[in-house]
Amino acid sequence: MKDNKLNQLSNESDVISPKLDGKSTAVKVGIDLGTSRSAITTSKGERMVMASVVGWPKDAISAKVFGHRVLVGDAVLENRMGLQTCFPLADGNLAFTQNAGDQKETLRKAGLHLFTALRQAAKAAEGQSVHAVIGAPAEATRENKQAIIDLAREAGIDGVMVVSEPFAVAYALDALEDAMVVDIGAGTIDLCRMAGSLPDAEDQVTIFHAGNHVDARICELLREQRADIQFSPNMIKKAKERFSSVVDTNKRALVTFPVNGRPTEVDITDQIQTAVGELVPHIVDGIQKLVSTFDPEFQHRIRSRVIVSGGGSQVYGLQEALEKGLEDLGGGRVMILDDPVFAGSQGALKLALEMPAEYWEQL
Ligand SMILES: Nc1ncnc2c1ncn2[C@@H]1O[C@H](COP(=O)(O)OP(=O)(O)OP(=O)(O)O)[C@@H](O)[C@H]1O
Ligand SMILES: [Mg+2]
């Protein structure tokens, strides 16, 4: 077994109350930086979630309507028609790190605006430092982690540490051993097994097939099967979040979408169920990969505590579907989190609070 680095971390934590620059205690924050939404929990007891999207006025008229402001978060989605919108994250990574075209600088700026909004949400007093632990996908590239640190610093966050999203969730729950966390997000599904020490690369798996992919599949199926219906990806996402299920129920997914401009009730139960159901084998494969490569003596322990978080954990019937999928592979017990929105940022905050003072000073 590996050294118990985690215990060291929590033991040292008891004595920490960092006074930085001799001025004031820094605000500690945990941030779950998500493709679809980002959550922040602070040591002042604040918590907030915002859509990870940035918008600029499209032209002179929209500048008159919205002012020359940059909007961040849900307001952008509500005013989409008058704005040029930009999602700074794609597939769990800062999109500008993967883009070599003319959009690169725009994507980078959008990322900076998102971090600035998160920095503001920390509600630090004037001159007070902000220290953040930020959750990113398990297999985020080194380049992406560095980009997160650089942008956060540029936005005025003084100390930054990046950890994997599912590890942050495990930390929130104190599930530090004999457990596995599966975080089903919009861009990625991240899995991490916990064996009583800091997880290494081989303890983690990222699957690039998550909520956004499901939305795209529902759109594709509807276009194939009901070419007369008019819809936007955002309408599909909302319908999915309302009606997603992987089991047959009597509840039909009835939505009112335009057909030739006329509001019409349509049943999209089958399309949603098909697209959402396609996630299950991917998740089961990921779980099995982490179980089968673990110490054979302890495999049964991690398979009997699979904790599922992230927005995608809210799919109706998911627990049963995953347990059924695991049956043929040796079985497993699955738990779905009650508070999937803030679990990651809460765990990240806990880490930030327990981080030794010298650590932040070194940063
Ligand atoms: N009830 C629901 N059923 C199915 N999917 C849902 C439900 N509620 C939210 N989602 C989906 O969960 C995803 C958002 O989850 P979450 O906020 O955990 O992702 P994220 O952190 O933004 O993404 P990532 O972790 O990949 O960067 C979206 O794809 C959203 O549509
Ligand atoms: Mg996430």
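Everything below is about the structure shown above.
Residues numbered from 1 in each chain as written. Chains lettered and ligands numbered in written order. Predicted model: local features only at pLDDT ≥ 70, side-chain atom pairs only at ≥ 80, totals over all residues. Heavy atoms only, no water.

1. Overview of the overall build of the chain
In step 1: For the chain, the helix and strand inventory stands at 14 helices and 19 strands.
In step 2: The principal-axis extent of the C-alpha atoms belonging to the chain is close to 65 × 60 × 35 Å.
In step 3: Within the span of the chain, comprising 363 residues, buried residues form 52% of the whole.
In step 4: Put simply, the chain shows about 17200 Å² of open surface, and 48% of that area lies on carbon and sulfur atoms.
In step 5: In the chain, the 38 positive side-chain charges and the 49 negative ones have mean positions that sit 6 Å from each other. (Helix = DSSP H or I, 4+ residues; strand = E, 2+ residues; numbered from the N terminus. Buried < 20%, exposed > 50% of the residue type's maximum accessible area, 1.4 Å probe, protein only. Areas by Shrake-Rupley, 256 points an atom, 1.4 Å probe, with all protein chains shown as cover. Lys, Arg positive; Asp, Glu negative; His and termini not counted. Charge placed at Lys NZ, Arg CZ, Asp CG, Glu CD.)

2. Focus on the pairing of strand β14 (residues 189-195)
In step 1: Of all 7 residues in β14, 6 are buried, a share of seventy percent or more.
In step 2: Linking strand β13 (residues 177-184) back to β14 in an antiparallel pair, the connection comprises 4 residues. (Pairing = 2+ DSSP bridges.)

3. Some points on the site of ligand 1
In step 1: Among the 22 residues in the neighbourhood of ligand 1, the closest are listed as Ser36, Arg37, Lys240, Glu241 and Ser244.
In step 2: Within the backbone of Gly187, a nitrogen or oxygen atom sits 2.7 Å from an oxygen atom of ligand 1.
In step 3: In the environment of ligand 1, an oxygen atom lies 2.6 Å from a nitrogen or oxygen atom belonging to the side chain of Glu241.
In step 4: Starting from 650 Å² of accessible surface for ligand 1 in isolation, the protein chains cover 93%.
In step 5: Taken together, the elements giving at least two residues each to the shell around ligand 1 come down to β13 and α8 (233-243).
In step 6: Element by element, the count of residues in the shell around ligand 1 is highest for α8, at 3 residues. (Near = heavy atom within 4 Å. Polar contact = N/O pair within 3.5 Å; in protein donor to acceptor, adjacent residues only side chain to side chain.)

4. Brief notes about the sheet that holds strand β6 (residues 54-57)
In step 1: Taken in spatial order, the 3 strands of this open sheet run β7-β6-β8, and their pairing is antiparallel. The open sheet has two edge strands, β7 (71-72) and β8 (83-86), and neither has a second partner.
In step 2: Relative to β7, β6 runs antiparallel, the two being bridged by 2 bridges. In the sheet register, Gly55 faces β7, and the bridge partner there is Leu71.
In step 3: Where helix α4 (residues 104-121) meets the sheet, its contacts fall on β6, β7 and β8, and the angle it forms with β6 comes to roughly 110 degrees. (Contact = heavy atoms within 4.5 Å. Axes fitted to C-alpha atoms, helices over the stretch in contact; angles between N-to-C directions.)

5. Remarks on unusual backbone geometry
In step 1: Phi angles above zero are rare outside glycine, and Lys123 is one such case at about 50 degrees.
In step 2: The residue Lys123 is located in the loop between α4 and β11 (130-136) in this model.
In step 3: Accessibility expressed as a relative area gives 47% for Lys123, which makes it partly exposed.

6. What about the packing of helix α9 (residues 269-277) against helix α10 (residues 279-292)?
In step 1: It is at 5 Å that the axes of α9 and α10 come closest, and there the two elements cross at 15 degrees. The angle between α9 and α10 falls in the class roughly parallel. Facing α9, whose interface residues are Ala275, Val276 and Gly277, α10 presents Leu279, Val280 and Pro281.
In step 2: Here the contact of α9 with α10 is composed, by residue class, of 5 nonpolar, 1 polar and no charged. (Parallel < 35°, antiparallel > 145°, perpendicular 65-115°, else oblique. Nonpolar A, V, L, I, M, F, W, Y, C, P; charged D, E, K, R; others polar.)

7. What about the pattern of salt bridges?
Pairing of side chains with opposite charge becomes possible as their charged atoms draw close.
In step 1: For the coordinates displayed, the defined rule picks out 13 salt bridges.
In step 2: Here Lys350 and Asp174 are joined by a salt bridge, their closest N and O atoms 3.2 Å apart. Here Lys350, found in helix α13 (residues 343-354), pairs with Asp174, found in the loop between α6 (165-173) and β13; they are 176 residues apart in sequence, far enough to count as distant.
In step 3: With relative accessibility at 52%, the residue Asp174 sits in the exposed group. (Salt bridge = Lys/Arg side-chain N within 4 Å of Asp/Glu carboxyl O.)

8. Re the pairing of strand β15 (residues 204-207)
In step 1: Taking every second residue as pointing to the same face, both faces of β15 are buried, with Gln204 and Thr206 on one and Val205 and Ile207 on the other.
In step 2: Bridging between β14 and β15 involves 4 bridges; their strand directions are antiparallel. Considered in β15, the bridge of Ile189 is made with Ile207.

9. Quick look at helix α12 (residues 318-327)
In step 1: Buried within α12 we find Leu318, Ala321, Leu322 and Leu326. All buried residues of α12 lie within an arc of 130 degrees about the axis, which places them on one face of the element. More than 90 degrees from the buried face of α12, the exposed residues found are Lys324 and Glu327.
In step 2: Contacts from the buried residues of α12 go to β13, α10, β18 (306-309) and β19 (334-336). (Arc of directions from axis to C-beta.)

10. Some words on the sheet that holds β19
In step 1: Read from one edge to the other, the open sheet built from 5 strands follows the order β15-β14-β13-β18-β19, with strand pairing classed as mixed. In the strand order of this sheet, the two ends are held by β15 and β19, each with one partner. Each strand of the sheet is rotated relative to its neighbour by a mean of 20 degrees, with strand direction disregarded.
In step 2: Its contacts with the sheet put α12 on β13, β18 and β19, and the angle it makes with β19 is roughly 160 degrees.

11. Structural notes on the nonpolar core
In step 1: Ranked by size, the top nonpolar core spans 45 residues in total, and within it Val182, Ile189, Leu191, Ile268 and Ile287 carry the most contacts.
In step 2: Looking at this core, the element that brings in the most residues is α10, giving 7 residues.
In step 3: Once residues lying within four places of it in the same chain are set aside, the contact partners of Ile268 are Leu222, Ala239, Ala253, Val255 and Phe257.
In step 4: Formed by 36 residues, the second largest nonpolar core is a distinct cluster that contains Val29, Leu89, Leu94 and Phe115. (Core = buried A, V, L, I, M, F, W, Y, C linked by side-chain atoms within 4.5 Å.)

12. Digging into the packing of aromatic side chains
In step 1: Within this structure, the stated rule accounts for 2 aromatic pairs.
In step 2: Judged by centre distance (5.9 Å) and plane angle (55 degrees), the rings of Phe167 and Tyr171 are tilted. Placement of the pair is Phe167 and Tyr171 together in helix α6, with a separation of 4 residues, close to one helical turn.
In step 3: A relative accessible area of 4% places Phe167 in the buried class.
In step 4: The exposure class of Tyr171 is buried, given its relative accessible area of 2%.
In step 5: The ring of Tyr171 has Lys350 lying over it, and the distance from NZ or CZ to the ring centre is 5.4 Å. (Phe/Tyr/Trp six-rings, centres within 6.5 Å; stacked < 30°, edge-to-face > 60°. Lys NZ or Arg CZ within 6 Å of the ring centre and 35° of its normal.)

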